[in-house]
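# A closer look at the structure
Next come the chains, spelled out residue by residue.
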Amino acid sequence: MKTDKAELLRAHGLTVTPQRLAVLKAVEHCPHGSADAIADDVRGRLGTVSVQTIYDALTTFVERGLIRRIEPAGSPALFDPRAGDGHHHAICRSCRSVQDVESPITPLPFRAHASRPDFVVDEAEVVYWGLCAACRATPDTPPADTPGPRPRPRKPRPHSL
Ligand SMILES: [Zn+2]
Ligand SMILES: [Zn+2]
């Protein structure tokens, strides 16, 4: 999908800054990346950018619906460039890779609403845990030797709700 990032920011009522553009590009470049991974990517583009600036941009983008934050158990928050479509995720227990899973025909929030009309759903997070194809192919490889993102110690969340 080719979208003009500056236009996208303006369409969401946000001032365009080089930092925000770099953060938005980084989220697309590392889909389902942690704030740390995104910060690395942003620094690769812009040089020194404070962690706070990156967290602030991520928080703002999530609030405005430009990106989506998912918070799988035992993982730092991950940021997803696909927002608003309610898709689900499959996460590998071994290498922690995250894959998109298309949601069923009726998006989950609306199904929840059908059974609990008194409860207004604004978000649904569905995670399927298992083993990815690569990890199933090498079942004896210890997780520490597998490529890809690994669980990191928890960092302060980029938001304070
Ligand atoms: Zn895996
Ligand atoms: Zn996703």
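We now turn to the structure provided with this report.

Calculation criteria
Residues numbered from 1 in each chain as written. Chains lettered and ligands numbered in written order. Predicted model: local features only at pLDDT ≥ 70, side-chain atom pairs only at ≥ 80, totals over all residues. Helix = DSSP H or I, 4+ residues; strand = E, 2+ residues; numbered from the N terminus. Buried ≥ 20, exposed ≤ 12 C-beta atoms within 10 Å, placed from the backbone. Expected span 1.5 Å × (residues − 1). Pairing = 2+ DSSP bridges. Axes fitted to C-alpha atoms, helices over the stretch in contact; angles between N-to-C directions. Parallel < 35°, antiparallel > 145°, perpendicular 65-115°, else oblique. Left-handed = near helix turned anticlockwise from the far one by under 90°. Contact = placed C-beta atoms within 7 Å. Nonpolar A, V, L, I, M, F, W, Y, C, P; charged D, E, K, R; others polar.

Take the overall build of the chain next. Helix and strand counts for the chain stand at six helices and six strands. What you see in the chain, going N to C, is helices and strands ordered as α-α-β-α-α-β-β-β-β-α-β-α. When the 161 residues of the chain are sorted by exposure, 22% land in the buried category.

A few words now on helix α2 (residues 18–29). Along its 12 residues, α2 runs 16 Å from first to last C-alpha, staying within 8% of the 16 Å computed at 1.5 Å per residue. Buried within α2 we find R20, A22, V23, L24, A26 and V27.

A separate point is the environment of E125. Along the chain, E125 falls in the loop between α5 (108–115) and β6 (127–130). On the basis of neighbour count, E125 is assigned to the partly exposed category, with 13 C-beta atoms found within 10 Å. Linking E125 and R69, residues 56 residues apart in sequence, is a C-alpha distance of 9.5 Å.

Here we take up unusual backbone geometry. With a phi angle near 65°, H32 is a residue other than glycine that sits in the positive phi range. Note that H32 resides in the loop between α2 and β1 (33–34). Under the C-beta neighbour-count criterion, H32 is labelled buried, with 23 such atoms within 10 Å. For R96, which is not glycine, the phi torsion reads 65° and is therefore positive. Along the chain, the position of R96 falls in the loop between β4 (88–92) and β5 (98–101).

Strand order in the open sheet made by the three strands is β1-β3-β2, with antiparallel pairing throughout. Every interior strand has two partners, whereas the edge strands, β1 and β2 (68–70), have only one.

Each packed pair of helices is defined by two parameters, the angle between the axes and the distance between the axes. For the pair helix α3 (residues 35–46) and helix α4 (residues 51–64), interaxial distance at closest approach is 10 Å and the crossing angle is 115°. Judged by the inter-axis angle, α3 sits roughly perpendicular to α4. Like other packed secondary-structure pairs, α3 and α4 cross with a definite hand, here right-handed. On the side of α3, the interface is formed by A35, I38, A39 and V42, while α4 contributes V51, I54, Y55 and L58. Grouping the constituent residues of the contact of α3 with α4 by class yields eight nonpolar, no polar and no charged.

Once that is clear, we can look at the sheet that holds β5. With mixed pairing, three strands are arranged side by side in an open sheet as β5-β4-β6. The outermost strands of the open sheet, each flanked by one partner alone, are β5 and β6. Neighbour to neighbour, the strand axes of the sheet diverge by 25° on average, direction disregarded.

So, on to the packing of α2 against α4. At a minimum axis separation of 10 Å, α2 and α4 run at an interaxial angle of 70°. Overall, the two elements α2 and α4 adopt an arrangement that is roughly perpendicular. Helix-helix and strand crossings are classified by hand; for α2 and α4 the assignment is right-handed. On α4, the residues touching Q19, R20, V23 and L24 of α2 are T53, I54, A57, L58 and F61. The residue inventory of the contact of α2 with α4, partitioned by class, reads six nonpolar, two polar and one charged.

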